[in-house]
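# Observations on chain architecture
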Amino acid sequence: MAALPLNDDYPVRRAPVVAYTLIAVNVLVYLLSPQAATAVWYPVDMVGRFCAVQDYFMRWGAVPAEILGQVDRVPHAVPECGAVDGKSVWFSVLSSMFVHAGAMHLLGNMVYLFVFGPVVEDRIGRVRFLLLYAVTGVAAAYGFSLVEPGGEMPMVGASGAISGVLGAYLVVQFRSRVTTLVFVVIPMRLPGWALVGSYFVLQYLLYVTTSNSPGAGSGVAYAAHVYGFIAGVIAGLVVYRLRWRSGTRLSDVY
């Protein structure tokens, strides 16, 4: 992570209940997952734990081939772990937003949600922020699935939805300045539009590079980040257009 945001200087006017609740839910889901040491009810032996993790990701992760209906159910990559029964494919698109591959994956996503989420929530209102988070997360999952229509690896993580939050931030509050650790060591105050814009450019370049280089992928769904961000920009523009028409601040109403 070349830049780590720490704080946005926009003074929010009320507690960001939705953003903080989403963070709490993401953390709780991880602590209850089989890859967390806190989940002591899962098998303790190496093989049992490995299969529990695989089942967890396949059951709650968004699998492109399943989402697009190309297969009824993708089997485990490891046959010894058995099959995933009773999976709801449509629900997995939503549940995948709260499933993370590890503690660092979770931490990186939650830092961005903690810094930018409260600002966007304050600007557009709580209800619209929750809808934006869900809709852009779904858009990211389907966007990634269209890019990888036969993909059988589950996509997990809040990155698509958080990219949507960043896209909306670019529209609704790009004038802020964000305290950022550049190269994770150098503190700087950067314009919000520059930080968020550079995030999108980097994700797009990584998406183009990995999609054009077979075998060069890192396991990161860069396409989901790109499509989530674009969906967030569109959603931000729609919300602001409604505000312009009504002549009121949506955040004062909801």
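As the structure is a prediction and not an experimental result, all values here were calculated from the model.

Conventions adopted
Residues numbered from 1 in each chain as written. Predicted model: local features only at pLDDT ≥ 70, side-chain atom pairs only at ≥ 80, totals over all residues. Heavy atoms only, no water. Helix = DSSP H or I, 4+ residues; strand = E, 2+ residues; numbered from the N terminus. Buried < 20%, exposed > 50% of the residue type's maximum accessible area, 1.4 Å probe, protein only. Contact = heavy atoms within 4.5 Å. Areas by Shrake-Rupley, 256 points an atom, 1.4 Å probe, with all protein chains shown as cover. Core = buried A, V, L, I, M, F, W, Y, C linked by side-chain atoms within 4.5 Å. Polar contact = N/O pair within 3.5 Å; in protein donor to acceptor, adjacent residues only side chain to side chain. pLDDT = per-residue confidence, 0-100. Pairing = 2+ DSSP bridges. Axes fitted to C-alpha atoms, helices over the stretch in contact; angles between N-to-C directions. Salt bridge = Lys/Arg side-chain N within 4 Å of Asp/Glu carboxyl O. Parallel < 35°, antiparallel > 145°, perpendicular 65-115°, else oblique. Left-handed = near helix turned anticlockwise from the far one by under 90°. Nonpolar A, V, L, I, M, F, W, Y, C, P; charged D, E, K, R; others polar. Phe/Tyr/Trp six-rings, centres within 6.5 Å; stacked < 30°, edge-to-face > 60°.

### Some details on the overall build of the chain
- Summing up its helical and strand segments, the chain has 10 helices and 3 strands in all.
- Listed N to C, the secondary structure of the chain is β-α-α-α-α-α-α-α-β-β-α-α-α in terms of helices and strands.
- For the chain, the residues scored as buried account for 47% of the 254 residues in total.
- Residue pairs in contact within the chain that sit at least 24 positions apart in sequence constitute 75% of those at least 6 positions apart.
- When the accessible surface of the chain is summed, it comes to about 12500 Å², and 69% of that surface belongs to carbon and sulfur atoms.

### Here's the deal with the nonpolar core
- If you look at the biggest cluster of nonpolar residues, it comprises 37 residues, and the most contacted ones within it are L113, F116, V120, F129 and Y133.
- Among the secondary structure elements, those contributing two or more residues to this core are α1 (17–31), α5 (103–124), α6 (126–147), α7 (159–172), α8 (192–211) and α9 (222–246).
- The element best represented in this core is α5, accounting for 9 residues.
- Once you skip the residues sitting within four places of it in the chain, L113 turns out to touch A19, L22, I23, P118, F129, Y133 and I162.
- Counting residues in each nonpolar core, the second largest holds 13 residues, with A62, M155, A221 and A224 among its members.

### Some thoughts on the side chain of E121
- Looking at the element boundaries, E121 is found in helix α5.
- Taking relative accessible area as the criterion, E121 reaches 2% and is therefore assigned buried.
- Within the local environment of E121, its side chain forms a polar contact with the backbone nitrogen of V18, the two atoms lying 3.2 Å apart.
- Of the polar contacts made by the side chain of E121, one reaches the backbone nitrogen of A19; its length is 2.8 Å.
- Those residues within four positions of E121 in sequence are excluded, and the remaining contacts are A15, P16, V17, V18, A19, R126 and F129.

### A look at the confidence of the model for the chain
- Taken over all residues, the pLDDT of the chain has a mean of 86, while the share at 70 or more is 87%.
- Ranking the elements of the chain by mean pLDDT puts helix α10 (residues 250–253) last, at 44, and α1 first, at 97.
- Residue range residues 250–254 is modelled with pLDDT below 50. Its contacts to residues more than four positions away, or to other chains, number 16 contacts.

### Digging into the sheet that holds strand β1 (residues 3–8)
- Overall, antiparallel pairing links the 3 strands, which are arranged β1-β2-β3 in an open sheet. The strands lining the two open edges of the sheet, one partner per strand, are β1 and β3 (186–191). Shown here is a sheet whose adjacent strand axes are inclined to one another by a mean of 30°, direction ignored.
- Helix-sheet contacts for α5 involve β1 and β2 (177–182), and the interaxial angle to β1 is about 35°.

### Some points on the pattern of salt bridges
- Summed over the entire model, instances satisfying the criterion amount to 5 salt bridges.
- A salt bridge links R189 to D9; the shortest N-O distance between them is 3.0 Å. Placement of the pair is R189 in strand β3 and D9 in the loop between β1 and α1, with a sequence separation of 180 residues.
- You can call R189 partly exposed: its relative accessible area is 46%.
- E121 serves as the salt-bridge partner of R126, at 3.7 Å between the closest nitrogen and oxygen.

### As for the packing of α5 against α6
- Contact pair α5 / α6: the axes reach a minimum separation of 7 Å and the direction vectors enclose 130°. As far as their axial angle goes, α6 and α5 are oblique. Judged by the twist between their axes, the crossing of α5 over α6 is right-handed. Between α5 and α6, the contacting residues are L113, G117, V120, E121 and I124 on the first element and R126, R128, F129, L132 and Y133 on the second.
- Partitioned by chemical class, the residues of the contact of α5 with α6 number 6 nonpolar, 1 polar and 3 charged.

### Notes on the packing of aromatic side chains
- Summed over the entire model, instances satisfying the criterion amount to 13 aromatic pairs.
- An angle of 85° between the planes, with centres 5.8 Å apart, marks the rings of W90 and F91 as edge-to-face.
- A relative accessible area of 62% places W90 in the exposed class.
- Measuring from centroid to centroid gives 4.8 Å for F116 and Y169, while their planes differ by 80°, and the two rings are edge-to-face. Of this pair, F116 sits in helix α5 while Y169 sits in helix α7, placing them 53 residues apart in sequence. Residues F116 and Y169 agree in their burial class; the two are buried.
- Grouping aromatic residues by their ring pairs yields a cluster made of Y112, F116, Y169, Y199, F200, Y204, Y207, Y227 and F229.

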